[in-house]
Amino acid sequence: MNRFVASWRSQLLTASVVGSRTLMQDVHLASGYLNGVHPQTLQLCLQGSTGSRPSFMVHRCLQRPRGRLMRIDSDDLSRLAAEVIAEAPCSLEMPAGTGKTELLAACVATAAALGDRSLVLTHTNAGVDAIRKRLRRFGVSASAVRVETITSWAFTLSRSYPGIAGINVPEVPDWNSSREYVEGAVLVAKTNAVRSLHAVSFGYLFVDEYQDCTVDQHELVVQISEAVPGSVILGDRLQAIFGFDKKRPLMDWDTHVVRRYPSKNVPHLPQRWRNYNVALGQWLLDIRPSLVDGGHFDFSTTSVAGIEWRQCDFKNAVQVVNKAAYGLSRTGESTVLLDKLAQQVANHASRLGGSFAVMEDVAGRFMAAKLAELPEEKNALLALWLAQMAKSCFVGLAGLDATVQGRLEKGRTVSDLKRPGLLTVQAALDDLIANPVYEQLCMSAAAIRATSGLTLYRQEAWDDTIQAVGRGIVDETPPQESLAVVRDRLRHGGRGERRQIASRTLLVKGLEFDHVIIADVQNFTDPRQLYVALSRARKSVTVIGKSPILRLGYE
């Protein structure tokens, strides 16, 4: 037994917080499983103990089921993680790339080593994926942690207790009802029964990307933290890019966070860039004070390695973007091409010939819009719908022109038209003209997808839309409803990894790439959007625009 365990055992033996026989049993059990835990972790836990009462953390060690031991390799990180959980409840404000996810994972691993289970909440499925991957690297078992988005946890609570939540909750979430799920979950979390459930289930609560919390989401976190006082809030005000719904205002960090979860200062070092481009990481830390509402930022004055400014005008903008994208794609390293609007992103991917894949939003708005236009079965316009859907997802279908679509609109076949390389596609559309049912639509879609010479640049959209149609046949539900089931897989399994992505900044928040291309920097005048875009890169950022000088302003 190491000396810290011995010291802790001695403190417990003199404590008067529980009956002596139960205390003795817990001491012997805890002494056994705490051997091997990093000594400084235990020392910091003990620093929270005063008089005859062990610290909150020690209480949790006695109350939680014991899991397998997990070590943290870095002594500095282990020590910092122990400080954080020993000081919980607390809040940490950390810039992008300074090791926030690493510290969060270390905290969860430290808690797990002490027998505590953690609930980790964040905002996006991309964030959930990143945290889960980091936790696996730390050896945290799935039984020791639950990682969810705030909204998905709210959905789980509301669906488990719909009577208390006061809403009817479907089996598969409709993310357009997110606010209702959260408000219902607040009512559920306030009940004594659910507070007890949270208290028994979790020793610690970690909430990441807290700057994006709305007031109602903050209230849910507050209610959970009433049951799980070992709560740690992590975020960065300069990354608050989700405040576009005026009906759901964001919480205020000073008003809502710091008063309840006192600030803890931690080092801000460019951890993400340590093995890539430290100069870029330090530059991103240095420019933070200049990224303010109403300020100016000039890329032409930047000389740091990894930042490249490329001038363009209306005439050559596409060529400049494409040249940058093709050049980086040849490196074989991960690259994200960013723009502001979904259609702008899709246009970039199309013009790049499918070498960059479009990242879709979790709700699948593009897919939902397409399915809303889907004709009913027995309607010959199904073939026209499929042709138009294919043109919006594939490169190489220019031959499905106005003439082809005109025929399809009239319910006429198109195989007799000469369209080089598209005979398989034309035949698939003719099959759907002859048999306009959803089952045939799925078969025709499969034939189009298998056609050589075509490149699918909206794979996520195409596959999930067609799968929704197919699932609707099996479940006997409208395809629009089936889409929610199909997209719900992202909550559980995440996305497949792609090396070249075209996306909006909102969708890649929390992700890292070797290279970032900002396709039109004039669309990134909000300092928060600009900072998030710049800080996704580990090695380089290519900034393209008409002028290197931006006048910044919050949107």
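On a predicted model such as this, the values are computed, not experimentally measured, just so you know. (Residues numbered from 1 in each chain as written. Predicted model: local features only at pLDDT ≥ 70, side-chain atom pairs only at ≥ 80, totals over all residues. Heavy atoms only, no water.)

## Digging into the pairing of strand β3 (residues 145-149)
Now for step 1: Most of β3 sits inside the fold, with four of its five residues counted as buried.
Now for step 2: Two strands pair when backbone bridges link them, and strand β2 (residues 118-122) and β3 are joined in this way by five bridges, in the parallel orientation. Note on β3: the bridge partner recorded for S118 is V145.
Now for step 3: Crossover β2 to β3 through helix α7 (residues 125-137) is right-handed. (Buried < 20%, exposed > 50% of the residue type's maximum accessible area, 1.4 Å probe, protein only. Helix = DSSP H or I, 4+ residues; strand = E, 2+ residues; numbered from the N terminus. Pairing = 2+ DSSP bridges. Right-handed = clockwise from strand over helix to strand, strands pointing away.)

## Focus on the confidence of the model for the protein
Now for step 1: In the predicted model, the protein carries a mean pLDDT of 85, and the fraction of residues at 70 or more is 85%.
Now for step 2: Looking over the protein, one finds the lowest element-wise mean pLDDT in helix α2 (residues 20-34), namely 31, and the highest in strand β4 (residues 204-207), namely 98.
Now for step 3: Below pLDDT 50 for its whole length, residues 1-73 participates in 133 contacts with residues either more than four positions away or in separate chains. (pLDDT = per-residue confidence, 0-100. Contact = heavy atoms within 4.5 Å.)

## A look at the packing of aromatic side chains
Now for step 1: Overall, the coordinates contain eight aromatic pairs when judged by the stated rule.
Now for step 2: On the numbers, 6.5 Å between centres and 80° between planes, the contact of Y210 with W253 is edge-to-face. Pair noted here: Y210 is in the loop between β4 and α12 (215-227) and W253 is in helix α13 (residues 253-258), with a separation of 43 residues, a long-range link.
Now for step 3: Its relative accessible area of 0% is what places Y210 among the buried residues.
Now for step 4: Of the residues examined, W253 reaches a relative accessible area of 3% and is grouped as buried.
Now for step 5: Between W283 and F297, the aromatic rings sit 6.2 Å apart at their centres with planes inclined by 65°, giving edge-to-face as the arrangement. Of the two residues, W283 is situated in helix α14 (residues 278-286) and F297 in strand β6 (residues 296-298); the sequence distance between them amounts to 14 residues. Here the two residues W283 and F297 agree in accessibility, since each one is buried.
Now for step 6: A network of ring pairs unites the aromatic residues W283, F297, F299 and W309 as a single cluster.
Now for step 7: Its guanidinium or amino end placed over the ring of F366, R458 lies 3.8 Å from that ring's centre, counting from NZ or CZ.
Now for step 8: If you follow R528 out to its NZ or CZ, it ends over the ring of Y554, 4.2 Å from the centre. (Phe/Tyr/Trp six-rings, centres within 6.5 Å; stacked < 30°, edge-to-face > 60°. Lys NZ or Arg CZ within 6 Å of the ring centre and 35° of its normal.)

## Some words on the side chain of R248
Now for step 1: Looking at the element boundaries, R248 is found in the loop between β5 (231-235) and α13.
Now for step 2: Here D216 takes part through its side chain, which lies 2.5 Å from a polar atom of the side chain of R248.
Now for step 3: Ignoring any residue separated from it by four or fewer positions in sequence, one finds R248 in contact with S178, R179, V182, T214, D216 and Q217. (Polar contact = N/O pair within 3.5 Å; in protein donor to acceptor, adjacent residues only side chain to side chain.)

## Digging into unusual backbone geometry
Now for step 1: Across the junction of A88 and P89, the peptide omega takes the value 10°, indicating a cis bond.
Now for step 2: Along the chain, P89 falls in the loop between α5 (75-87) and β1 (90-93).
Now for step 3: In this structure, E209 is a non-glycine residue whose phi angle is positive, near 55°.
Now for step 4: Among the secondary structure elements, E209 is positioned in the loop between β4 and α12.
Now for step 5: Positive phi, close to 75°, is recorded for K378, a residue that is not glycine.
Now for step 6: On the basis of relative accessibility, which here comes to 68%, the residue K378 falls in the exposed class.

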